[in-house]
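# Coordinates in review
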Amino acid sequence: MDILYFVLALICAVVGLIGAIVPALPGPPLSFVGLLLLLLCDTCEIGIASLVITGILAVVITILDYVAPVWFAKKKGGTTCGMWGATIGMLIGFFFGPIGVILGPFMGALVGELIAKSPTEKALSTAFMTFVAFMLVTGIKFIYCLVVVVYIIVEGFKMLSNTSLQHLENMDWLWFAF
């Protein structure tokens, strides 16, 4: 049964990692579900405190995903049309692949601000702030989900080897990344 839980946990975490970039998928919540599934494994060593902290982080990041672009745009004096434009631009951009996902909110906010008769300079500024917020939150979501995927993989190696793998626990294996 542990193998099944591990595979399901890894699938949720990887889909969550994809969801960190693709707007239609809730990345951090899916990755957190992966951690919850991993908790069902008998050999899993995740503590309740760690689980609670990662759960709170998933909720905060998900809320930030919706609030940050609006807040950044409002901070720059954006209008409601600009906010709606950024949201619609993000959804439309999804159909144009990664470039559309990145540029969609910017273009949508720009068009929304221009529809609201904002001066071009203000419209560009608001669109840029929306873009910055989108990229910042996407980066945060990606890092969170990547950490969860790596954690689940490390736990999987521990489970498959049925040993403690001291070199994984003290993180000496990270030197391979550099």
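Above this note sits the structure.
This write-up is about the structure you can find in this document.

So, how was this worked out
- Residues numbered from 1 in each chain as written.
- Predicted model: local features only at pLDDT ≥ 70, side-chain atom pairs only at ≥ 80, totals over all residues.
- Heavy atoms only, no water.
- Patch = residues over 30% accessible without salt bridge, like charges linked within 9 Å, V, L, I, M, F, W, Y side chains within 5 Å.
- Areas by Shrake-Rupley, 256 points an atom, 1.4 Å probe, with all protein chains shown as cover.
- Salt bridge = Lys/Arg side-chain N within 4 Å of Asp/Glu carboxyl O.
- Helix = DSSP H or I, 4+ residues; strand = E, 2+ residues; numbered from the N terminus.
- Buried < 20%, exposed > 50% of the residue type's maximum accessible area, 1.4 Å probe, protein only.
- Expected span 1.5 Å × (residues − 1).
- Contact = heavy atoms within 4.5 Å.

### A word on a nonpolar patch on the surface
- Where nonpolar side chains cluster on the molecular surface, the patch consists of Met1, Ile3, Leu4, Val7, Leu8, Ile11, Val14, Val15, Ile18, Leu25 and Leu160 and spans about 930 Å² of accessible area.
- For the nonpolar patch, the element with the most residues is helix 1 (residues 2-19), which contributes eight residues.
- On the basis of relative accessible area, Met1 is assigned to the exposed category, the value being 66%.

### Structural notes on helix 2 (residues 27-39)
- The terminal C-alpha atoms of helix 2, which comprises 13 residues, lie 19 Å apart, in line with the 18 Å expected from a rise of 1.5 Å per residue.
- Buried residues of helix 2: Gly27, Pro28, Ser31, Phe32, Gly34, Leu35, Leu37 and Leu38, and no others.
- Summarising the contacts, the buried residues of helix 2 are in contact with helix 1, helix 3 (48-75) and helix 6 (120-161).

### What about the pattern of salt bridges?
- A complete count under the given rule lists two salt bridges for this structure.
- One salt bridge connects Lys141 with Asp65, and the closest N-O pair in it is separated by 3.2 Å. You can see Lys141 sitting in helix 6 and its partner Asp65 sitting in helix 3, a full 76 residues away along the chain.
- In this structure Lys141 comes out as buried when scored by relative accessible area, which is 6%.
- For Asp65, a relative accessible area of 23% translates into the label partly exposed.

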